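In case you want the letters, here they are:
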Amino acid sequence: MHTIFADLSIFNPYNAPRFEFMSLAHAGAVAVLIVLLLAMFMYRQKLRSSESARKTLRYILLALLLLSQLMLEAWYQIYDLWDPAYTLPLELCSITLLLSCVMLVTRNRVLYIIVFYAGICGALAALITPDLVYTFPHFRFIQFFIAHGSIIAAALYMTWIEQVRLTITSVPLSMLLLNLIAGIVWCFNQVFGANYMFLSHKPESPSILDMLGPYPYYILVEEWVAFVLFTMMYIVFFYLPSRAAGKAVSKDHVSL
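This write-up is about the structure you can find in this document.

Calculation notes
- Residues numbered from 1 in each chain as written.
- Predicted model: local features only at pLDDT ≥ 70, side-chain atom pairs only at ≥ 80, totals over all residues.
- Heavy atoms only, no water.
- Axes fitted to C-alpha atoms, helices over the stretch in contact; angles between N-to-C directions.
- Helix = DSSP H or I, 4+ residues; strand = E, 2+ residues; numbered from the N terminus.
- Parallel < 35°, antiparallel > 145°, perpendicular 65-115°, else oblique.
- Left-handed = near helix turned anticlockwise from the far one by under 90°.
- Contact = heavy atoms within 4.5 Å.
- Nonpolar A, V, L, I, M, F, W, Y, C, P; charged D, E, K, R; others polar.
- Expected span 1.5 Å × (residues − 1).
- Buried < 20%, exposed > 50% of the residue type's maximum accessible area, 1.4 Å probe, protein only.

## A look at the packing of helix H5 (residues 92-106) against helix H6 (residues 109-128)
Part 1 of the argument: Where H5 contacts H6, the two axes come as close as 9 Å, and the packing angle between them is 140°. Of the possible angle classes, the one that applies to H5 and H6 is oblique. Both H5 and H6 take part in a crossing whose hand is left-handed. Contact residues: Leu-92, Cys-93, Thr-96, Leu-99, Ser-100, Val-102, Met-103 and Thr-106 in H5; Leu-111, Tyr-112, Ile-114, Val-115, Ala-118, Gly-119, Gly-122, Ala-123 and Ala-126 in H6.
Part 2 of the argument: Class assignment for the residues of the contact of H5 with H6 results in twelve nonpolar, five polar and no charged.

## Structural notes on unusual backbone geometry
Part 1 of the argument: Pro-137 follows Phe-136 through a cis peptide bond whose omega is 10°.
Part 2 of the argument: Within the secondary structure layout, Pro-137 lies in the loop between H6 and helix H7 (139-160).
Part 3 of the argument: Geometrically, the link from Tyr-215 to Pro-216 is a cis peptide bond, its omega value of 0° lying close to zero.
Part 4 of the argument: Note that Pro-216 resides in the loop between helix H8 (170-192) and helix H9 (217-255).
Part 5 of the argument: A positive phi angle, near 60°, is found at Met-197, a position not held by glycine.
Part 6 of the argument: As for its placement among the helices and strands, Met-197 is situated in the loop between H8 and H9.
Part 7 of the argument: Even without being a glycine, Phe-198 presents a positive backbone phi close to 55°.

## What about the environment of Leu-177?
Part 1 of the argument: Structurally, Leu-177 can be placed in helix H8.
Part 2 of the argument: Sequence separation between Leu-177 and Ala-118 is 59 residues, and the spatial gap between their C-alpha atoms is 9.4 Å.
Part 3 of the argument: Excluding residues within four positions of it along the chain, Leu-177 makes contact with Val-110 and Ile-114.

## Describing the packing of H6 against H7
Part 1 of the argument: Two elements in contact, H6 and H7, have axes separated by 9 Å at closest approach and are oriented at 145°. When you trace H6 past H7, the crossing you get is left-handed. Packed against H6, whose contacting residues are Tyr-112, Val-115, Phe-116, Gly-119, Ile-120, Ala-123, Leu-124, Ala-126 and Leu-127, the element H7 presents Phe-144, Phe-145, His-148, Gly-149, Ile-151, Ile-152, Ala-155, Leu-156, Met-158 and Thr-159 at the interface.
Part 2 of the argument: Residues belonging to the contact of H6 with H7 are distributed by class as follows: 15 nonpolar, four polar and no charged.

## Observations regarding helix H4 (residues 51-78)
Part 1 of the argument: In this model H4 runs 40 Å from its N-terminal to its C-terminal C-alpha over 28 residues, within 8% of the 40 Å that 1.5 Å per residue would give.
Part 2 of the argument: Listed in full, the buried residues belonging to H4 are Leu-57, Arg-58, Leu-61, Leu-62, Leu-65, Ser-68, Gln-69, Leu-72, Trp-75 and Tyr-76.
Part 3 of the argument: Immediately downstream of H4, the backbone of Asp-80 shows phi near 55°, a positive value.

Pasting the structure below:
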């Protein structure tokens with residue numbers, strides 16, 4: 001009975017349906033996330049006006065981030081999967097997840113910069129092309145999408161609800177911080193023969209990195225892609241809204 005239960009368990013890492021790119025489960029999980037983020041954007045004014053609502057949403061996001069990581073670590077231990085070369089929280093999304101937790105508690109501006117740019121871009125890339133073995137309803141599938149979706153939600157919460165604003169200098173600063181993190185992770189990879197942040201080679205499953213050339217050139221291309229994406233994010237989320245608000249104020253002054 002115990003063996004049968006273990007075989008059917010959504011936690012079992014040895015006997016579970018395999019993940020398929022752009023399957024119904026994959027597309028459905030991404031669609032749910034998009035709907036939730038749109039809901040947060042649409043109700044941003046109401047959330048801003050209520051301190052209790054802001055605090056509740058902030059604590060929900062914090063709980064989702066912490067529980068998803070703690071449950072993953074417990075899963076590694078229970079099924080004897082823990083390995084310093086594969087399971088430490090040294091992937092970009094794992095790092096930004098932990099930074100997101102601290103950011104939500106402290107609302108630190110420097111942490112927000114790295115979570116906003118690197119966290120959103122990294123989590124979005126992971127959601128589009130997941131480096132994932134298991135499909136729904138396996139625990140790892142659910143944990144993966146909750147964790148990565150919560151990273152994006154935490155950054156957008158700070159943007160839309162807490163209304164933290166960045167200047168153009170945040171783009172080069174985010175690149176500096178990202179490279180500092182990558183440098184530390186690269187040193188760890190060399191010592192332990194690991195491939196965190198895919199700094200040693202590409203992932204085995206299809207990913208966005210396949211379009212950026214062979215190793216190690218794709219890392220250099222990533223730098224340029226990241227800079228372009230970060231700049232575009234700054235323009236869309238901060239520069240254009242600021243310009244639009246400025247024009248609205250100017251029109252109000254003229255009408256007076």
